[in-house]
Amino acid sequence: MAVRETPRWDRLFAERTRGDVGEGIAAVLAFLGRPDLISFAGGFPDPLTFPRERAAALLGEFAAAGESNAFQYAPTRGLAGPLEAIAGRLEALQGRRPADDELVITSGAIEALELVGKSFLDRGDVVVVEGPTYLGAIQAFRSFEAEVVAIPMDEHGLQVDELERRLADGLRPKLVYTIPDHQNPAGVSLARERRELLVELARRHGFLIVEDVAYRELGFDDEAEPSLWSLAPDVVMQAGTTSKTLFPGVRLGWAVGPADVSAQLVSAKQNTDQCAGALGQRLFEEYVRRGWIDEQLVQSRSLYRRKCERMLAALERCMPEGTRWTSPKGGFFSWLTLPDGGDAGDLARRAVDRGVAIVPGSLFFADGSGGNNVRLSFSLVEETKIDDGIERLASLVRP
Ligand SMILES: Cc1ncc(COP(=O)(O)O)c(C=O)c1O
């Protein structure tokens, strides 16, 4: 009997799924699975922030009360109570309450980005992103065959004046994606005057700003610039997440934007997952209603602040001259620039041999630049291992 060859399914994979960015994420996740490494790699929350007992108590309450909402399908836009909880938080934290037809509950922020992509992007459409930016966003936009164009950043966030120049030269994006607060991976925030200019450009040139606020509530102090959505709800679609404030095990987030955009997202959502999981929605609603989220945030912010300060102090102590890094005021990341000629890919490989995981910067650029950058995440690494991890890393950077 003739032996049949195993089918090579990748030959049949859709064109839009090819490319190496997905492999990049897989490489990052592979590091996370190795408990022997001191990992500055993944941008995961610290399990110390997970509200295990409270989540268990709430589940017990739902069961005892014979509640069915938490266990049933939900409306595509979301359950009324959780929508109210998110709208109330937006009002309290960002100073603007969305109308009922402006808010959709999503299965995490990443789904909000997918829904925007699905609703707006045809092959070859231009999406402007920050250089560097969140890898998941590059993937989401690429999966709709968009052309992803990066505009550089500096310590004050996206260089909006450079975007203005590119627009004047004829760049015509449908979407401009930005993470204005404690950016992933750069660890910087967008300056106030740049926020004003960005929304003005959106109005002038007719593009939609996609504002990702994944780390907004994790500032180390109370200072926050106004969200882009609160400045210009007519041209901004904000994607938010509960992954860093509750826990990522319930995939939950929101999209808030102009009513017609919101309606389009609801329609796109009907044939992705139809609705975000009701159980997570109800947990979040109660977590907000009882004030637990604010209690937890006080603890989470101080934990991440402590870890960040420890990492920055270790960098200061150990890194050779010519190495630079950003000083985050919140979030999970600092962005390191190696001395001239440094090769972050090579460093990442050698670091694994010394028991340390980092992510080379090129993964955060659509065009593979960032060869001498490293993203350092302080969120998940054990506090007591930070000094040792940075010392080992620095010994590999030193000439
Ligand atoms: C900037 C940014 N947006 C979105 C996400 C994903 O959020 P979610 O877990 O809600 O899908 C992350 C997670 O790392 C992120 O860093």
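Described in the following lines is the structure provided in the data block. (Residues numbered from 1 in each chain as written. Predicted model: local features only at pLDDT ≥ 70, side-chain atom pairs only at ≥ 80, totals over all residues. Heavy atoms only, no water.)

**Description of the overall build of the protein chain**
Scanning the protein chain for helices and strands turns up 13 helices and 14 strands. Over its C-alpha atoms, taken along the principal directions, the protein chain stretches across nearly 75 × 60 × 55 Å. Residues classed as buried in the protein chain amount to 55% of the 399 residues present. Pairs at least 24 apart in sequence give 75% of the contacts found in the protein chain among residues at least 6 apart. Accessible surface, the protein chain: about 17,900 Å² in total, of which carbon and sulfur atoms supply 50%. One finds the centroid of the 46 positive side-chain charges in the protein chain at a distance of 3 Å from the centroid of its 59 negative side-chain charges. (Helix = DSSP H or I, 4+ residues; strand = E, 2+ residues; numbered from the N terminus. Buried < 20%, exposed > 50% of the residue type's maximum accessible area, 1.4 Å probe, protein only. Contact = heavy atoms within 4.5 Å. Areas by Shrake-Rupley, 256 points an atom, 1.4 Å probe, with all protein chains shown as cover. Lys, Arg positive; Asp, Glu negative; His and termini not counted. Charge placed at Lys NZ, Arg CZ, Asp CG, Glu CD.)

**Some thoughts on the side chain of Thr242**
Among the secondary structure elements, Thr242 is positioned in the loop between β8 (236-241) and β9 (253-256). Accessibility expressed as a relative area gives 0% for Thr242, which makes it buried. Residues contacting Thr242, with those up to four places away along its chain left out, are Phe247, Val250, Leu252, Gly253 and Phe284.

**Re the side chain of Arg195**
Secondary-structure assignment places Arg195 in helix α7 (residues 192-205). At a separation of 3.2 Å, a polar atom in the side chain of Arg195 contacts the main-chain carbonyl oxygen of Pro180. Setting aside its immediate chain neighbours within four residues, Arg195 contacts Pro180, Asp181, Ser189, Leu190, Arg216, Glu225, Pro226, Ser227, Leu228 and Leu231. (Polar contact = N/O pair within 3.5 Å; in protein donor to acceptor, adjacent residues only side chain to side chain.)

**Quick notes on helix α13 (residues 386-397)**
Compared with the 16 Å implied by 1.5 Å per residue over 12 residues, the 16 Å span of α13 between its first and last C-alpha is a close match. Looking at the buried positions of α13, the neighbouring elements they touch are β1 (38-39), α11 (292-318), α12 (344-353), β12 (356-357) and β14 (373-377). (Expected span 1.5 Å × (residues − 1).)

**Describing the packing of aromatic side chains**
Evaluated as defined, the whole model comprises 10 aromatic pairs. Consider the rings of Tyr287 and Trp292, whose centres lie 6.2 Å apart with planes at 75 degrees: the pair is edge-to-face. The same class applies to Tyr287 as to Trp292, namely buried. Seen from their ring centres, Trp335 and Phe365 are 6.3 Å apart, and the 45 degrees between their planes marks the pair as tilted. Remark: Phe365 occurs in the loop between β13 (359-360) and β14 and Trp335 occurs in strand β11 (residues 333-337); sequence separation between them is 30 residues. The class for Trp335 is buried, based on a relative accessible area of 9%. Its relative accessible area of 14% is what places Phe365 among the buried residues. Following the ring pairs from residue to residue traces out a cluster consisting of Tyr215, Tyr304, Phe332 and Phe333. (Phe/Tyr/Trp six-rings, centres within 6.5 Å; stacked < 30°, edge-to-face > 60°.)

**Quick look at the packing of α12 against α13**
Axis separation between α12 and α13 bottoms out at 10 Å; the angle between their running directions is 130 degrees. By the angle between their directions, the pair α12 and α13 is classed as oblique. With respect to the hand of their crossing, α12 and α13 are arranged in right-handed fashion. Facing α12, whose interface residues are Leu347, Arg350 and Ala351, α13 presents Leu393, Leu396 and Val397. Looking at the contact of α12 with α13 residue by residue, the class counts come to 5 nonpolar, no polar and 1 charged. (Axes fitted to C-alpha atoms, helices over the stretch in contact; angles between N-to-C directions. Parallel < 35°, antiparallel > 145°, perpendicular 65-115°, else oblique. Left-handed = near helix turned anticlockwise from the far one by under 90°. Nonpolar A, V, L, I, M, F, W, Y, C, P; charged D, E, K, R; others polar.)

**Some words on the environment of Ser143**
For Ser143, the position within the fold is in the loop between α5 (135-142) and β4 (147-154). The exposure class assigned to Ser143 is partly exposed, which follows from its relative accessible area of 22%. Spatially, the C-alpha atom of Ser143 lies 27 Å from that of Val188, the residues being 45 residues apart in sequence. Beyond its immediate sequence surroundings of up to four residues, Ser143 is in contact with Arg16 and Glu114. There is a polar contact of 2.7 Å between the side chain of Ser143 and the backbone oxygen of Ala140.

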